[in-house]
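Architecture and fold: a report
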Amino acid sequence: ENKMKLGVAIASDNALPSAFVVMRGLEKSIKRAAELGYDGVELALKNHDEISHQDLRALLKKNNMEVSAISSGQVFAARGLMFTDENKEKRAELESSFKGFIDLASEFGGLVNVGRVRGMIGGRDPQLCENLFLDMAGKLTDYAETKGVTIILEPVNRYEIDYINNCDQCAELIRKVGRKNFVMMPDVFHMNIEDAD
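These notes cover the structure that comes with them. (Residues numbered from 1 in each chain as written. Predicted model: local features only at pLDDT ≥ 70, side-chain atom pairs only at ≥ 80, totals over all residues. Heavy atoms only, no water.)

1. Some details on unusual backbone geometry
We count it as follows: For helices the rule is a DSSP run of H or I covering at least 4 residues; for strands it is a run of E covering at least 2, with both sets numbered from the N terminus onward. The rule is simple: take the accessible area with a 1.4 Å probe, protein chains only, and divide by the maximum for that residue type; under 20% is buried, over 50% is exposed, in between is partly exposed.
A positive phi angle is found at Asn64, which is not glycine, with a value near 55°. For Asn64, the position within the fold is in the loop between α2 (53-63) and β4 (66-71). One non-glycine residue, Ile164, adopts positive backbone phi at about 60°. Tracing the backbone shows Ile164 in the loop between β6 (150-153) and α6 (167-177). Classification of Ile164 by relative accessible area gives buried; the value is 3%.

Here you go:
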């Protein structure tokens, strides 16, 4: 039967206080989520190696849980990395981290979320920022395709970031990326703020 599955967002103990998660501490959160009747967890990670494939596999099996997605907000919030950065070293670090997330998602959940990590414009030329975004998105979706992973782009409200704030802007960018494994993930929290005006 196709029952709707429920997941809850979790992060490691050392996630920033601002991390938009319900529970902290990966091991205890997976156990607690199972006890509360959830089917899975969304992993909010700063680094791809916060948990090994082996440990995560064992924890999920023990608690009969699955991973719904891997989210990357902490990569932006805690590490300051973003798709629209012009700095070559930071772009290389972001690409490497995301490839680690994609590797993790290839075994767990198959989805990697792009929220605030898309970056901001911050008074720069919007076309420059779009080009930087498209360059990074292209590299990552090409890699993700080889791993059977889909990247999901989430519109985020304008109070948190100044780029890709609604579904129309998101859809337009997805068309420009032009990959089957790069899709939109609307979030009713953000949509409610943008549609309130």
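2. Points about the side chain of Asp85
Rule in force here: For this analysis, a polar contact is any N or O atom pair within 3.5 Å, provided that within protein one partner can donate a hydrogen and the other can accept it, and provided that sequence-adjacent residues contribute only side-chain to side-chain pairs. Should any heavy atoms of two residues lie within 4.5 Å, those residues are considered in contact.
Turning to its location among the elements, Asp85 is positioned in the loop between α3 (73-77) and α4 (88-107). From its side chain, Asp85 meets the backbone nitrogen of Asn87 in a polar contact 2.9 Å long. With residues near it in sequence (within four places) discarded, Asp85 still touches Gly80, Lys90, Arg91 and Leu132.

3. Details of the sheet that holds β6
The test is simple: Pairing between strands requires that DSSP locate at least two bridges from one strand to the other. Between the N-to-C directions of two axes lies an angle of 0 to 180 degrees, each axis being a line fitted to C-alpha atoms and, for a helix, fitted only over the stretch in contact.
Pairing in this open sheet of 7 strands is parallel, and the strands run β2-β1-β3-β4-β5-β6-β7 from one edge to the other. The open sheet terminates on both sides in strands that have one partner only, identified here as β2 (23-24) and β7 (182-184). In terms of strand pairing, strand β1 (residues 7-11) meets β2 through 2 bridges, oriented parallel. Counted as the bridge partner of Ile10 is Met23 from β2. Along the sheet, α4 contacts β4, β5 (111-114) and β6; its crossing angle with β5, the most-contacted strand, is approximately 145°.

4. Comments concerning the packing of helix α5 (residues 126-146) against α6
For any two helices packed against each other, the geometry is given by the interaxial angle and the distance between the axes. Quick reminder of the rule: For classification purposes, an angle smaller than 35 degrees is called roughly parallel, one larger than 145 roughly antiparallel, one from 65 to 115 roughly perpendicular, and anything else oblique. Should the near helix be turned anticlockwise from the far one by less than a right angle, the crossing is termed left-handed; should it be turned clockwise, right-handed.
Two numbers describe how α5 lies on α6: the axes approach to 10 Å, and their chain directions differ by 60°. With respect to α6, the axis of α5 lies oblique. For α5 against α6, the interelement crossing comes out right-handed. Judged by residue contacts, Glu130, Phe133, Leu134, Ala137 and Thr141 of α5 engage Leu173, Lys176 and Val177 from α6.

5. Some words on the nonpolar core
In a soluble, globular protein the nonpolar side chains are often hidden away together inside. Put simply, the rule reads: In plain words, nonpolar cores are sets of buried Ala, Val, Leu, Ile, Met, Phe, Trp, Tyr and Cys residues tied together by side-chain atoms within 4.5 Å.
Judged by nonpolar contacts, the single largest core of 50 residues is most densely connected at Val41, Leu43, Leu56, Phe83, Phe98, Phe133 and Leu153. Core analysis: the second largest hydrophobic core is formed by 6 residues, Ala11, Ala15, Val21 and Ala44 among them.

6. A look at the side chain of Asn181
Relative to the helices and strands, Asn181 resides in the loop between α6 and β7. Side-chain polar atoms of Asn181 contact the backbone oxygen of Val149, separated by 3.2 Å. If we skip the residues at most four places from it in the chain, Asn181 touches Thr141, Ala144, Glu145, Val149, Thr150 and Ile151.

7. Side note on the packing of aromatic side chains
Put simply, the rule is: Any pair of Phe, Tyr and Trp rings, taking the six-membered ring for Trp, is counted once the centres come within 6.5 Å. Such a pair is stacked with planes under 30 degrees apart, edge-to-face with planes over 60 apart, and tilted for the rest. A positively charged side chain is recorded as over a ring if its NZ (Lys) or CZ (Arg) lies within 6 Å of the ring centre. The angle to the ring normal must also be within 35 degrees.
Tallying each qualifying case throughout the model produces 5 aromatic pairs. Each ring, one from Phe133 and one from Tyr163, has its centre 6.0 Å from the other, and the planes form 80°; the classification is edge-to-face. Pair noted here: Phe133 is in helix α5 and Tyr163 is in the loop between β6 and α6, with a separation of 30 residues, a long-range link. Each member of the pair, Phe133 as well as Tyr163, carries the same accessibility label: buried. Counting every residue linked through ring pairs, the aromatic cluster contains Phe83, Phe98, Phe101, Phe133, Tyr163 and Phe182. Directly above the ring of Tyr143 sits Lys99, whose terminal nitrogen or CZ lies 5.3 Å from the centroid.

Taken by themselves, the reported measurements are silent on function.
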